[in-house]
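Working through the structure, step by step
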Amino acid sequence: MMILWRGPFRPAWFPRASAAVCGAALLTCMISAQTPPAKNPTFPDGPGKAALLKVCSDCHGPESAVGQLKTRDEWTKTLDEMAANGAQGTDEEWNQILEYLDKNYSLIPVNKGDAKQLASTLDVSAATAEAIVKYRDEHGSFTAIDDLKKVPGLDPATVDARRDRFVF
Ligand code: HEC
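My aim in this report is to walk through the structure given alongside it, one point at a time. None of the values given here were measured: they were computed from a predicted structure.

1. Topic: unusual backbone geometry
Despite not being glycine, Phe43 has its phi angle at roughly 50°, a positive value. Here Phe43 shows up in the loop between α2 (24-34) and α3 (49-55). Given 18 C-beta atoms within a 10 Å radius, Phe43 is considered partly exposed. Non-glycine residue Asp123 carries a positive phi angle of around 60°. Along the chain, Asp123 falls in the loop between α7 (115-122) and α8 (126-139). Here Asp123 falls in the partly exposed class, since 17 other C-beta atoms lie within 10 Å of it.

2. Looking at the site of the ligand
Around the ligand sit 18 residues in total, of which Cys56, Cys59, Ala65, Gly86 and Ala87 are the nearest. Within the residue set of the shell around the ligand, elements represented by two or more residues are α2 and α5 (72-85). Top contributing element to the shell around the ligand by residue count: α5, with 5 residues. Along the lines of polarity and charge, the residues of the shell around the ligand split into 11 nonpolar, 5 polar and 2 charged.

The rules we used
Residues numbered from 1 in each chain as written. Predicted model: local features only at pLDDT ≥ 70, side-chain atom pairs only at ≥ 80, totals over all residues. Helix = DSSP H or I, 4+ residues; strand = E, 2+ residues; numbered from the N terminus. Buried ≥ 20, exposed ≤ 12 C-beta atoms within 10 Å, placed from the backbone. Near = placed C-beta within 6 Å. Nonpolar A, V, L, I, M, F, W, Y, C, P; charged D, E, K, R; others polar.

Next up, the structure:
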C-alpha cells in the first residue's frame, strides 16, 4: 500500500514517515526496482558479516542492503541514512559493517585510488597496493582488467574475483 499525500499541507516529516510505515515486502520491492541486482549476494565470510546480517535485516532483506556497489564515501552516507531510518547497532558493529561493505561491495577506483583505498577495496596487503600504484605511475592509467594482471605480486585470481567492481 502506497500512501500518497495529495493535500496542500504536506508536512515536512512525510517522506521519512511514509518510508517507515511501508511494509517490509513493499520496501524490498521498491529498493530492488531502483537498484541493479546484487553482484555478489552470497555474503562472503569475514569480519562484519554477522554485524551486517544482524543490523541490516530488519526493514528490508540483507540482499537489498548490498543490492548495489558504491564507493566507500557513498557507503558511509548510506549507513548514516540507515541510522536515521532507525537501524541500530553498536559503534563496533557500524565500523565492522563499513569495512565489510568496503571490502566486498565497493567500487574499486583503480586509477584514482591511493594505496590505502586499493588495499581495503581489493583486500590486498599494503605492499601489493603500493605495487599497483607504482605500476600505474610507470605505465599510465589502467584501461582494462588485463592491465591489472600485469602488476607484479597481484594475484590474477584476486582481479578476476572482483571484475565487476573496477572503475577505470
Ligand atoms: C530501521 C529500518 C532499516 C534498517 C534496519 C536498515 N535500513 Fe536500509 N533502508 C531503509 C529504508 C526505509 C530504505 C528506503 C528509503 C531510503 O533509502 O532511506 C532503505 C534503503 C536502503 C538501501 C537502498 C537505498 C540506498 O541508499 O542505496 C540500501 C543500500 C540500504 N537500505 C542499506 C542498508 C544497510 C547496509 C543496512 C544495515 C546497516 C540497512 N539498510 C538497515 C530502512 C532500513
